[in-house]
Amino acid sequence: MTIIRSILLFALAAVAEIGGAWLIWQGVREHKGLLWIGAGIAALGAYGFVATFQPDPNFGRILAAYGGIFVAGSLVWAMVVDRFRPDRWDLIGAAICLIGVAVIMYAPRATVAAA
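Residues numbered from 1 in each chain as written. Predicted model: local features only at pLDDT ≥ 70, side-chain atom pairs only at ≥ 80, totals over all residues. Heavy atoms only, no water.

With respect to the packing of helix 1 (residues 2–29) against helix 2 (residues 34–50)
Here comes step 1: Contact geometry of helix 1 with helix 2 gives a least axis separation of 7 Å together with a crossing angle of 160°. By the criterion of interaxial angle, the relationship of helix 1 to helix 2 is roughly antiparallel. Helix 1 and helix 2 meet at a crossing whose hand is left-handed.
Here comes step 2: Counted by class, the contact of helix 1 with helix 2 contains 18 nonpolar, 4 polar and 1 charged residues. (Axes fitted to C-alpha atoms, helices over the stretch in contact; angles between N-to-C directions. Helix = DSSP H or I, 4+ residues; strand = E, 2+ residues; numbered from the N terminus. Parallel < 35°, antiparallel > 145°, perpendicular 65-115°, else oblique. Left-handed = near helix turned anticlockwise from the far one by under 90°. Nonpolar A, V, L, I, M, F, W, Y, C, P; charged D, E, K, R; others polar.)

Observations regarding the packing of aromatic side chains
Working definition: an aromatic ring pair is given by the centre-to-centre distance plus the angle between the planes.
Here comes step 1: The tally for this structure, following the rule as stated, stands at 5 aromatic pairs.
Here comes step 2: Where phenylalanine 10 meets tyrosine 66, the ring centres are 6.4 Å apart and the plane angle is 20°; that geometry is what we call stacked. Taken together, the residues span a long stretch of sequence, with phenylalanine 10 in helix 1 and tyrosine 66 in helix 3 (residues 59–81) at a distance of 56 residues. One exposure class covers both phenylalanine 10 and tyrosine 66, and it is buried.
Here comes step 3: Clustering of aromatic rings is evident, with ring pairs tying together Phe10, Tyr47, Tyr66 and Phe70.
Here comes step 4: Taking the ring centre of tryptophan 36 as reference, the NZ or CZ of lysine 32 above it sits at 4.4 Å. (Phe/Tyr/Trp six-rings, centres within 6.5 Å; stacked < 30°, edge-to-face > 60°. Buried < 20%, exposed > 50% of the residue type's maximum accessible area, 1.4 Å probe, protein only. Lys NZ or Arg CZ within 6 Å of the ring centre and 35° of its normal.)

Let's talk about the side chain of glutamate 17
Here comes step 1: Mapped onto the elements of the fold, glutamate 17 is located in helix 1.
Here comes step 2: No salt bridge is formed by the buried glutamate 17; the nearest opposite charge belongs to arginine 29, separated by 17 Å.
Here comes step 3: In this structure glutamate 17 touches Leu44, Tyr47, Tyr66 and Phe70, once residues within four positions along its chain are discounted. (Lys, Arg positive; Asp, Glu negative; His and termini not counted. Salt bridge = Lys/Arg side-chain N within 4 Å of Asp/Glu carboxyl O. Contact = heavy atoms within 4.5 Å.)

Points about helix 3
Here comes step 1: Among the residues of helix 3, Ile62, Ala65, Tyr66, Gly68, Ile69, Ala72, Gly73, Leu75 and Ala78 are the ones counted as buried.
Here comes step 2: Where the residues of helix 3 are buried, they touch helix 1, helix 2 and helix 4 (88–106).
Here comes step 3: Two residues or fewer past helix 3, arginine 83 is found with a positive phi of approximately 60°.

Regarding the packing of helix 3 against helix 4
The relative placement of two packed helices is expressed as an angle between their axes plus a distance between the axes.
Here comes step 1: Across the interface, helix 3 lies against helix 4 with an axial gap of 8 Å and an inter-helix angle of 155°. The orientation of helix 3 with respect to helix 4, classified from their angle, is roughly antiparallel. Between helix 3 and helix 4 lies a crossing whose hand is left-handed. Between helix 3, through Arg61, Ile62, Ala64, Ala65, Gly68, Ile69, Val71, Ala72 and Leu75, and helix 4, the contact on the second element is made entirely by Asp90, Ala94, Cys97, Leu98, Val101, Ile104 and Met105.
Here comes step 2: A breakdown of the residues in the contact of helix 3 with helix 4 according to their chemical character gives 13 nonpolar, 1 polar and 2 charged.

Some details on the nonpolar core
Here comes step 1: Membership of the largest hydrophobic core comes to 14 residues, with the highest contact counts inside it found for Phe10, Tyr66, Ile69 and Met105.
Here comes step 2: Elements represented by at least two residues in this core include exactly helix 1, helix 2, helix 3 and helix 4.
Here comes step 3: A total of 6 residues in this core trace back to one element, the largest contributor, which is helix 1.
Here comes step 4: Those residues within four positions of phenylalanine 10 in sequence are excluded, and the remaining contacts are Gln54, Ile62, Ala65, Tyr66, Ile69, Met105 and Tyr106. (Core = buried A, V, L, I, M, F, W, Y, C linked by side-chain atoms within 4.5 Å.)

Purely geometric stuff here, so don't read any function into it on its own.
In structure tokens, the structure reads:
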């Protein structure tokens, strides 16, 4: 159950961060205005909170693993929202990143006994 919760939190973080960046992009580059930019800023702020709910207590580990989620999630976002068609190298790169996420977050670790 902990792994499922962690994966769901990573997915929510990806939607908040990628969506927030996309909204700012739309506001600035596509001239959609301050409302879009403000919504993007709010979404990016929400992303910052989502990461705090990860069950692992190590900030560096969470952020390192999220990097892989961000790479893969950005390609999915681009495919769904912008109709981008990734090539095989995009897909291979994203798969490598997700393997890295799995190793960083979910590999078995030895527990250290308290002294």
